[in-house]
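Chain and residue survey
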Amino acid sequence: GRALATPAGCGSTFNVQDGSDFQDRVVNNPKPVVVDFHAQWCGPCKILGPRLEKMVAKQEGKVLMAKVDIDDHTDLAIEYEVSAVPTVLAMKNGDVVDKFVGIKDEDQLEAFLKKLIGA
Amino acid sequence: DYDLIIIGGGSGGLACSKEAAILGKKVMVLDYVVPTPLGTSWGLGGTCVNVGCIPKKLMHQAALLGQALQDSRKYGWQYEEQVKHNWEIMVEAIQNYIGSLNWGYRVSLREKSVTYLNSYGEFVEPHKIKVCAVKGQVTYHTAETFVLATGERPRYLGIPGDREYCITSDDLFSLPYCPGKTLVVGASYVALECAGFLAGLGLDVTVMVRSILLRGFDQEMAERVGAHMETHGVKFIRNLCIFIQVEKLEEGMPGRLKVTAKSTEGPEVFEGEYNTVLIAIGRDACTRNIGLEKIGVKINEKNGKVPVNDDEQTNVPYVYAIGDILDGKLELTPVAIQAGKLLARRLYGGSSTKCDYINVPTTVFTPLEYGSCGLAEERAVEEYGKQNLEVYHTLFWPLEWTIPGRDNNTCYAKIICSKHDNNRVIGFHVLGPNAGEVTQGFAAAIKCGLTKELLDETIGIHPTCAE
């Protein structure tokens, strides 16, 4: 797809590197961010991930997507009370305004994203 | 700082910690896996979840499914493709499941507010441990009570090449490549179960046995287990004891190894080439490097295990121990879990129930499964005297084996009864499919005092092996 130049850098999806990266790029981000908590051993995550990325890209930079591997960043997962994966949080101005657990189809994801952008 | 600190996050440690937390105590669990010589490591949950019961049963199932595919044609299933097995697909699926279990344990500890540290802990003085985190920071913690639940790790041969080139069960279940032609050293249930499923997956397997099979188990049953494996393609080399060395002939995944050994009896030297050598000669307790000597906890110097009283208390009153490290007790997950839970209830819940180690059922998941509860025949003869026992036995042919024409003289069951005690069943042994499922029910009956008469009066479910 097209790579959009946004103030944050390259493209609308990124992998969270550590706690302070999460603070900078998710909590303190002026734009809304969906956070995809996933794991290597989770089958459904491998389906949801690309699907969510595609729908985020469709929103043309109005929302960004952060990916967090719960085994690499267990503290973050614990802080945000993730028990099952995939868990997706919708974050705006540092607050969790919406969330879902498990797989969703493209229409459901689009509605979720539009609600986050619009609200 | 804490009411209870548990060293070891396996079956016993986790069960004890959760029960103590439910009873309102402030609990910490330390779990740390020292990587194998080849670098293998794993997450929270202990041996059973990561490198024991769980992956073992799944690989055993994979092998059984291979056999089922063979049988299926006789039942009318028709398919053209040659059926082959992909090791990598199986390992990935199993490791993914284990990953979800590791995570599940972390969540459940967090839900019960148990502090979990993935770090190595050791005692420095009474009531105090030193914890070394991965990044190097050292912290100290104190507790009123401690529980040792550190479990065991596989023993090596102590010869040139063993740690560099050989694998153990710690490595096998996450091996990223198919082991190929394998030599299994040992005749423990770990050795036979692994040899069994590797052969079932189509690999060329040889088992090297020093003396007897399944030490500690009923020997008649052990020999039958071995005989079945032999008629189904597993090679056995017996009475070979002294290993000289393992050399690497060729790099690769797997590579090629050469094993040199000699017999205890004669001068013959054995040389063999294999892709993989799996050492399964026993497991050693992880009690040597946790500072037990600093606080005076006595261990059995011969095997490193911890002697305890029937309250699971060591010689130091505030230190308890559970699980595989106990001297003279059974090395089984359900036993550790039960011991852990009951210990927490006795410490904090006002209970006085102790763990019952008698008549614990078990099953060896070799290709032909062997389930047992109670005494082996040799032990029964020793304890009661041959004349006071009556042994009832039978061969049986599972109905499902008739159509595919599988062995009709291999499945076997026997019970040992004590004549002077109303013909009470004191030993139950069954060799056949689903032995674990079959044995579980009989274990409950034995706990209720099953006698031969009661058994005879129980009408069977037809058609089953259990009847």
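Residues numbered from 1 in each chain as written. Chains lettered and ligands numbered in written order. Predicted model: local features only at pLDDT ≥ 70, side-chain atom pairs only at ≥ 80, totals over all residues. Heavy atoms only, no water.

Looking at an unreviewed UniProt entry, one finds chain B named thioredoxin-disulfide reductase (NADPH), with Struthio camelus australis as its source organism. UniProt, in its Sequence similarities (unreviewed entry) section for chain B, records the words "Belongs to the class-I pyridine nucleotide-disulfide oxidoreductase family." (UniProt positions renumbered as here; feature names shortened; annotations may be inferred.)

As annotated in an unreviewed UniProt entry, chain A carries the name Thioredoxin, mitochondrial and is attributed to Struthio camelus australis. Its UniProt record, at the heading Sequence similarities (unreviewed entry), says of chain A: "Belongs to the thioredoxin family."

Residues and elements named next belong to chain B. Sheet architecture is open: 4 strands sit in the order 10-9-8-14, paired in parallel fashion. Each having just a single partner strand, strand 10 (235-238) and strand 14 (276-279) make up the two edges of the open sheet. Ignoring which end each strand starts from, the neighbouring axes of this sheet average 20° apart. When strand 8 (residues 182-185) meets strand 14, the two strands line up parallel, connected through 4 bridges. Paired with T182 across the strands is T276, a residue of strand 14. Across the sheet, helix 7 (residues 189-200) lies against strand 8, strand 9 (205-209), strand 10 and strand 14, angled at about 165° from strand 9, the strand it touches most. (Pairing = 2+ DSSP bridges. Helix = DSSP H or I, 4+ residues; strand = E, 2+ residues; numbered from the N terminus. Axes fitted to C-alpha atoms, helices over the stretch in contact; angles between N-to-C directions. Contact = heavy atoms within 4.5 Å.)

Let's shift gears to the packing of helix 3 (residues 53-72) of chain B against helix 7 of chain B. To describe two helices that pack against each other, one gives the angle between their axes and the distance between the axes. All names here are of chain B. At a minimum axis distance of 8 Å, the contact between helix 3 and helix 7 shows a crossing angle of 35°. The handedness of the crossing between helix 3 and helix 7 is left-handed. Where helix 3 approaches helix 7, its residues K56, M59, H60 and A63 are matched on the opposing element by Y189, E193, F197 and G200. (Left-handed = near helix turned anticlockwise from the far one by under 90°.)

Bringing the confidence of the model for chain B into the picture now. Across chain B, the average pLDDT comes to 94, with 100% of residues at or above 70. Both confidence scores are given for the complex: pTM 0.91, ipTM 0.79. (pLDDT = per-residue confidence, 0-100.)

All names here are of chain B. With numbering matched to this structure, UniProt assigns "active site" (unreviewed entry) to H462. Judged by its relative accessible area of 66%, H462 is exposed. Among the polar contacts listed, one links the side chain of H462 to the side chain of E467, at a separation of 2.7 Å. (Buried < 20%, exposed > 50% of the residue type's maximum accessible area, 1.4 Å probe, protein only. Polar contact = N/O pair within 3.5 Å; in protein donor to acceptor, adjacent residues only side chain to side chain.)

Residues and elements named next belong to chain B. Residue P254 follows M253 across a cis peptide bond; omega there is 5°. With respect to the secondary-structure elements, P254 resides in the loop between strand 11 (240-250) and strand 12 (256-263). H462 connects to P463 through a cis peptide bond whose omega is -5°. Locating P463 in the fold gives a position in the segment after helix 14 (452-457). For N434, which is not glycine, the phi dihedral falls at a positive 55°.

Attention now goes to the pairing of strand 4 (residues 33-38) of chain A. Residues and elements named next belong to chain A. Within strand 4, 6 of the 6 residues are buried, which leaves the element mostly enclosed by the surrounding structure. Here strand 4 shows no split at all, with V33, V35 and F37 on one side and V34, D36 and H38 on the other all buried. The pairing of strand 4 with strand 5 (residues 64-69) spans 6 bridges and is classified as parallel. Bridging across to strand 5, F37 finds its partner in V68. As for the winding sense of the linkage, the β-α-β connection from strand 4 through helix 2 (residues 43-58) to strand 5 is right-handed. Where strand 4 and strand 6 (residues 87-92) come together, 5 bridges link them in antiparallel fashion. In the sheet register, D36 faces strand 6, and the bridge partner there is V88. (Right-handed = clockwise from strand over helix to strand, strands pointing away.)

Interface size is commonly expressed as the accessible surface area that is lost when the partners come together. Residues and elements named next belong to chain B. For chain B, the domain assignment lists domain 1 (2-151 + 286-349), domain 2 (155-281) and domain 3 (368-457). The straight-line distance from the C-alpha centre of domain 1 to that of domain 3 is 31 Å. Residue-level contacts link 6 residues of domain 1 with 6 residues of domain 3. Taken together, the two surfaces of domain 1 and domain 3 that pack against each other cover about 550 Å², and 49% of this comes from carbon and sulfur. (Domains from an automatic or database assignment. Buried area = accessible area lost by both parts, 1.4 Å probe.)

All names here are of chain A. Mapped onto the present numbering, the UniProt feature "site: Deprotonates C-terminal active site Cys" (unreviewed entry) falls at D36. Within the secondary structure, D36 is located in strand 4. The exposure class assigned to D36 is buried, which follows from its relative accessible area of 2%. Beyond its immediate chain neighbours, meaning those up to four positions away, D36 contacts G49, L52, M65, A66, K67, V68, P86, T87 and V88.

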